[in-house]
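Here are the chains, one letter per residue:
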Amino acid sequence: MDQARWKRMEAVLDAALELPPGDRRAFIASECGDDTTLCNDVLRMLDAAGASDGFLETDNPSHLRDALKNLAEAAGESEETDDAKSSMPKVVGPYRLIRPLGKGGMGQVYLAVRDDEAFKRYVAVKVIKRGMDSDEILKRFRVERQILASLTHPNIARLLDGGQTEDGVSYFVMEYVDGERIDRYCDEHRLPLESRLDLFEKVCSAVHYAHQNLIVHRDLKPANVLVTASGEVKLLDFGIAKFLNPDLTGYTLPMTREELRVMTPEYASPEQMRGGNLTTASDVYQLGVLLYELLTGHRPFQFQTMARHEIEKIVLEKEPERPSTAISRVKDEQANTSPTLVSEKRRTPLERLRRQLSGDLDRIVLMALRKDMDRRYQSADQLLQDIGRYRQGLPVSAQTDSVLYRADRFVRRHKAGVAAGVVIAFLLVLATGLSVRYAVDTAAQRNQIELEARKSKAITAFVVDLFNEASPDRVQGRDMTVRQLVDAGAERITEDPDTPVELQAALRNTIAAVYTELGSHDNALNLIQDNVRELRSRLGPEGASPELAEALYRYAYVVDEGSTTREWEEAVRLYEEALAMQRALFGYPSQEAAQTLNDMAVSHMRLRQDSTAEALLQEALAERRELYGGDHEHIAETLSNLGTFAANQGDFAAAERYYRESLGMSRSVLGDRHPLVADNIYNLGSILYDLGSLDEARQLLEDAVARRESIYGPDHNETARALSYLGRTLLAQGNFAEAERYLLRTLDIHRANAGEIDFFVGMDLRWLGILDKARGMHTDAARWYVQAVNVLGQAGSSAYAALTQRDLAAVYLEGEQRSQAIAAYGRAVDMMAALWGEEDADVAEAAHTWGILLLEEGRSAEAERALTRSLDAYLALEMQTEASAVRRSLARLTAAPSRN
């Protein structure tokens, strides 16, 4: 490099170093202008200089030596680039070369375009080096070309062309990937662990595809994995890849020491270091190194020198640290990072990052890095599957299948269901204790004690046997979900004739409750109906028992989860029967009765029976305050329902007060991770949306979505409801693209859980119509509304179907589809009048618009009927201003030509 160019580089670098770190790259780009080579050289020197940070503040001379070494290496790289450019041919085949992109063991890679302008896109051309064109190297070059030709995967750079120049130079043409190496992309975008795992899964998918085509890459490292600006992953450079089946190449290439010299030592597997046979497990090792680096900011091993014997000794003998420990290294000179910087680049506090890595992620990474090939994952797909299982909360194969471990994963994955089961099991045990307490020492009551003892023993045996269903010897490698476990419990109750009747009833109630929490409505309903039927048959028409009272309450709760007026009315009837029995059995105050009052109020709210709903909620609140005195989760629950009642009445300020009080109380007694806290955050966010406080609403609803996904899972209806309100909030803020993403996801969840005909599916369709209407896409909005009307009507939600029909008519009118608008308004008026009668403001307003449209079309007789209908309604409602407007429309009839 000439002296003048060095001085220019030095001047730009010196000026850049005077600026804050965040401004340096933009300054260098501005100073270098169109001289991209100079810009790249200075940026490399800047990166190398970064390794010297702090050397003036330390007595350690190695900092200065390392900094000078890095600068020298950067300058050397620049000189090599200059040499490559100076020796670069202008044309290779039909391709015009623009600049060097990189080099490999056998060839140089250039950015190029087709010289005959056959197509405009840029490509990467790999040309074999002069002096490297021995028979063996040419064979290997052809193998690389054949390998690329056999791979068609969205995450692998594609082979486009290949051949020889007139003077015998071999080349091939690849898809040009304008991207950034994966480690730098993750750090510069400060991606959290989940986003890094998203990208890594794509890498595993590409490597697995290569393995399926009997190809081992053998050089997986960050430089060979690029990420584009749009976030797409591309795997590059199969230059030292190998066909596992030599017959596919037409010849065999021996393993040589030369082959070992072209590997990347920091990423080489132990068998590569030893010169042993390579399999797909060798690529798995390199994937493990890559994953380790993406998660922690460190490679598993740090080398003091690049001497081959030192690298071999460490790779072959030293065990890597757990990733959760590695992030706490005080300083990593090679990666120029620190614990604080690592956490900042992952947008995660250090302690939380350590918790995320500890456990399954530690085990997954360390299994991929095992020295013994046979003890690693045997394919990239196995590694990919384990990462997927970790992200779903399922047991991973990297963990020994102990009963305790599977129980831990079970609880983590189904916190709500397990919590419900534990609470109910506790209640069953408590019930057993109470029955013993009330049995006094008489002959008959001694029998009762013996019965309760047998029940307690049976309960214990049942629970133990149920959880044994998930033991490794029974599942034999299969995953046992909470749903399968509950199904097994339900089946066992039916099959075991020795289970006492009282125990059967209590367990049916328990399992029905868990089915309800899992969103399995039909299973819960069938089980609880059977329970009520059998208990009534045994007890007689006037009989009562705690089990029957609980079954009636649970029956009402399940029915109340429906979406029709008929179901809500049936729920109220069942709640009233349960409440009467609870009062007779438990008196006042009673936890059971207070819960029934609370839930029955919700049914009355759904039925729009407002005064009854409010009275029940106030009664439940008073009874719960008497029961518990101070703060309690049940008091918080009723306060939350009072907030919902106030919101339904349009008193949003009162609703906000109730929700904030409930949120504070639930957090104080339950901590920050309880479902009731998540519900209160959701409720408060939704009411702030109604109040127009959109920024705070969005923050709360994003929090609610994350909490509900953690508690219930990503596909639960509770998660979907939070997603829906978040989508509405984004819509109100004008963020249409994000709103659409959340509303479509909500629709997918509801359809998956309930099928096409469901109230919530219909409402999701309606909101998508509102969204497209807001962004002026009237045709698309109309399609959503048509679907919504049909679904809501078939689901028994006639009121919302009628209102959506009115919205459909309005969007037809805005889209200037007048004939469709006229027909839609006519249907909307008839639907609303059938529900609410002719003397209704919505009916009057829609009929007025309908009449005007008919009048403008010259359909005078139809217009007169519609307008008269509107006028009569307004007059009956004593809405004189609106009535006057209709009279003016009627006056136009005499001047309008008729086409009737």
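Residues numbered from 1 in each chain as written. Predicted model: local features only at pLDDT ≥ 70, side-chain atom pairs only at ≥ 80, totals over all residues. Heavy atoms only, no water.

Q: Explain the overall build of the protein residue by residue, including any values.
A: Within the protein, the secondary structure is distributed over 40 helices and 11 strands. Residues classed as buried in the protein amount to 48% of the 900 residues present. In the protein, the share of contacts with a sequence separation of at least 24, taken over all contacts with a separation of at least 6, comes to 60%. Accessible surface, the protein: about 42300 Å² in total, of which carbon and sulfur atoms supply 50%. (Helix = DSSP H or I, 4+ residues; strand = E, 2+ residues; numbered from the N terminus. Buried < 20%, exposed > 50% of the residue type's maximum accessible area, 1.4 Å probe, protein only. Contact = heavy atoms within 4.5 Å. Areas by Shrake-Rupley, 256 points an atom, 1.4 Å probe, with all protein chains shown as cover.)

Q: Tell me about the packing of helix H35 (residues 778-794) against helix H36 (residues 798-814), and name the residues and values.
A: Think of two packed helices as two axes; the pair is described by the angle between the axes and how far apart they sit. Relative to each other, H35 and H36 sit at 160°, their axes nearing to 9 Å. Relative to H36, the element H35 is oriented roughly antiparallel. Crossing hand, H35 versus H36: left-handed. Contact residues: His778, Ala781, Ala782, Tyr785, Val786, Ala788, Val789, Leu792 and Gly793 in H35; Ser798, Tyr800, Ala801, Thr804, Gln805, Asp807, Leu808, Val811, Tyr812 and Glu814 in H36. In terms of residue class, the contact of H35 with H36 is built from 12 nonpolar, five polar and two charged. (Axes fitted to C-alpha atoms, helices over the stretch in contact; angles between N-to-C directions. Parallel < 35°, antiparallel > 145°, perpendicular 65-115°, else oblique. Left-handed = near helix turned anticlockwise from the far one by under 90°. Nonpolar A, V, L, I, M, F, W, Y, C, P; charged D, E, K, R; others polar.)

Q: Describe in detail the packing of aromatic side chains, supporting the description with residues and values.
A: Here a ring pair, both rings aromatic, is described through the centre-centre distance and the interplanar angle of the planes. With the rule as written, the count across this model stands at six aromatic pairs. For the ring pair Tyr553 and Tyr575, a centre distance of 6.0 Å and an interplane angle of 45° mean the geometry is tilted. Separated by 22 residues along the polypeptide, Tyr553 in helix H24 (residues 546-560) and Tyr575 in helix H25 (residues 565-586) bring together distant segments of the chain. The two residues Tyr553 and Tyr575 agree in class, both being buried. With a centroid separation of 5.9 Å and an interplanar angle of 75°, the aromatic rings of Tyr682 and Tyr725 are classed as edge-to-face. With Tyr682 in helix H30 (residues 675-691) and Tyr725 in helix H32 (residues 717-732), the pair connects residues that are 43 residues apart, well separated along the chain. Feature note: the residues Tyr553, Tyr557 and Tyr575 constitute an aromatic cluster, connected by ring pairs. A cation sits over an aromatic face here: Arg708 above Tyr682, 4.3 Å from the ring centre. (Phe/Tyr/Trp six-rings, centres within 6.5 Å; stacked < 30°, edge-to-face > 60°. Lys NZ or Arg CZ within 6 Å of the ring centre and 35° of its normal.)

Q: Describe in detail the pattern of salt bridges, supporting the description with residues and values.
A: In this structure the tally under the stated criterion is 41 salt bridges. Between Asp187 and Arg196 there is a salt bridge, with the nearest N and O atoms lying 2.9 Å from each other. Among the residues examined, Arg196 registers a relative accessible area of 2% and is labelled buried. Among the charged side chains, a salt-bridge network with shared partners connects Asp187, Arg196, Lys345 and Arg346. (Salt bridge = Lys/Arg side-chain N within 4 Å of Asp/Glu carboxyl O.)

Q: An account of the nonpolar core is needed here, citing residue identities and associated values.
A: In terms of nonpolar packing, the biggest core is built from 55 residues, with Ile182, Phe200 and Leu287 touching the most fellow members. When near neighbours in sequence (up to four residues on either side) are disregarded, Ile182 contacts Leu199, Val203, Pro222, Val225, Val227, Leu290 and Leu294. In terms of nonpolar packing, the next biggest core, distinct from the first, is built from 42 residues, Ala781, Ala824, Ala846 and Ala863 among them. (Core = buried A, V, L, I, M, F, W, Y, C linked by side-chain atoms within 4.5 Å.)

Q: Describe in detail the pairing of strand E9 (residues 225-228), supporting the description with residues and values.
A: Burial along E9 is two-sided: the face carrying Val225 and Val227 and the face carrying Leu226 and Thr228 are both buried. Taken together, the three bridges between strand E7 (residues 179-181) and E9 define a ladder with antiparallel strand orientation. Within the sheet, the bridge partner assigned to Glu180 lies in E9 and is Val227. Pairing between E9 and strand E10 (residues 233-235): three bridges, direction antiparallel. Within E10, the position partnered with Val225 by the bridge is Leu235. Connecting E9 to the antiparallel partner E10 that follows it, the hairpin turn spans four residues, and Gly231 within it adopts a positive phi of roughly 90°. (Pairing = 2+ DSSP bridges.)

Q: I'd like a description of helix H40 (residues 880-891), backed by residues and values.
A: Because an α-helix packs 3.6 residues into every turn, residues spaced three or four apart end up facing the same way. Compared with the 16 Å implied by 1.5 Å per residue over 12 residues, the 16 Å span of H40 between its first and last C-alpha is a close match. Among the residues of H40, Ala883, Val886, Ser889 and Leu890 are the ones counted as buried. For H40, the angular spread of the buried residues around the axis is 110°, confining them to a single face. Of the exposed residues in H40, those oriented more than 90 degrees away from the buried face are Thr881, Arg888 and Ala891. Buried residues in H40 make contact with helix H38 (841-856) and helix H39 (860-876). (Expected span 1.5 Å × (residues − 1). Arc of directions from axis to C-beta.)

Q: Report on the pairing of strand E6 (residues 170-175), specifying residues and quantitative values.
A: Of all six residues making up E6, six are buried, and the element is well covered by its neighbours. Sheet topology places strand E4 (residues 123-128) next to E6; five bridges connect them, and they run antiparallel. What sits directly across from Ala124, in E6, is Met174.

Q: Run through the sheet that holds E10, naming residues and quoting values.
A: Spatially, three strands are ordered E7-E9-E10 in an open sheet, and the strand pairing comes out antiparallel. Of all strands in the sheet, those bounded by a partner on one side alone are E7 and E10. Pairwise comparison of adjacent strand axes, ignoring direction, gives a mean angle of 35° for this sheet. Packed onto the sheet, helix H7 (residues 193-212) meets E9 and E10 and runs at close to 35° relative to E10.

Q: Any details on the packing of H36 against helix H37 (residues 818-836)? Residues and values, ideally.
A: Where H36 contacts H37, the axes come no closer than 8 Å and their chain directions differ by 160°. For the element pair H36 / H37, the angle class is roughly antiparallel. In the packing of H36 onto H37, the handedness of the crossing is left-handed. On H37, the residues that touch Ser798, Ala799, Ala801, Ala802, Leu803, Gln805, Arg806, Ala809, Ala810, Tyr812 and Leu813 of H36 are Arg818, Gln820, Ala821, Ala824, Tyr825, Arg827, Ala828, Met831, Met832, Leu835 and Trp836. Residue classes in the contact of H36 with H37 are distributed as 16 nonpolar, three polar and three charged.

Q: For the confidence of the model for the protein, give the residues involved together with the corresponding values.
A: Detailed reading of the predicted coordinates is not advisable wherever pLDDT falls low. With 69% of its residues at a pLDDT of 70 or more, the protein has an overall mean of 76. Taken together, the stretch residues 51-81 has pLDDT below 50 and engages in 25 contacts with residues farther than four places along the chain or on a different chain. In the predicted structure, residues 422-445 sits below a pLDDT of 50 and forms 17 contacts with residues beyond four places in sequence or in another chain. (pLDDT = per-residue confidence, 0-100.)

Q: Break down the side chain of Asp386 for me, citing the residues and quoting the values.
A: Within the secondary structure layout, Asp386 lies in helix H16 (residues 380-392). Exposure remark for Asp386: the relative accessible area of 1% places this residue in the buried category. One polar contact links Asp386 to Tyr377, side chain to side chain, over a distance of 2.6 Å. Within the local environment of Asp386, its side chain forms a polar contact with the backbone nitrogen of Ser397, the two atoms lying 2.7 Å apart. With residues up to four places along the chain from it excluded, the contact list for Asp386 reads Ile364, Tyr377, Val396, Ser397 and Ala398. (Polar contact = N/O pair within 3.5 Å; in protein donor to acceptor, adjacent residues only side chain to side chain.)

Q: Requested: an account of the environment of Ser195, with residues and values cited.
A: Of note, Ser195 is situated in helix H7. Given a relative accessible area of 26%, Ser195 falls into the partly exposed group. For the pair Ser195 and Arg346, spaced 151 residues apart in sequence, the C-alpha separation works out to 9.4 Å.

Q: How would you summarise helix H26 (residues 591-606) if you had to cite specific residues and measurements?
A: Between its terminal C-alpha atoms H26 stretches 23 Å, which fits the 22 Å expected from 16 residues at 1.5 Å a residue. Just downstream of H26, Arg608 is the residue with a positive phi angle, here 65°.

Q: Describe unusual backbone geometry, with residues and values.
A: The omega angle of the peptide bond from Tyr588 to Pro589 is -5°, so this bond is cis rather than trans. Mapped onto the elements, Pro589 comes out in the loop between H25 and H26. Positive phi outside glycine occurs at Arg347, with the angle close to 50°. Position of Arg347 among the secondary structure elements: in the loop between helix H13 (339-345) and helix H14 (350-357). Residue classification places Arg347 among the partly exposed positions, given a relative accessible area of 48%. Look at Glu878: it is not a glycine, yet its phi comes out positive at around 60°. With respect to the helices and strands, the residue Glu878 is situated in the loop between H39 and H40.

Q: Please give an account of the environment of Ser724 that cites residues and values.
A: Inspection of the secondary structure assignment puts Ser724 in helix H32. Judged by its relative accessible area of 4%, Ser724 falls in the buried class. Considering only alpha carbons, one finds Ser724 and Thr746, 22 residues apart in sequence, at a separation of 5.9 Å. Other than its neighbours up to four places away in sequence, Ser724 contacts Leu743, Thr746 and Asp764.

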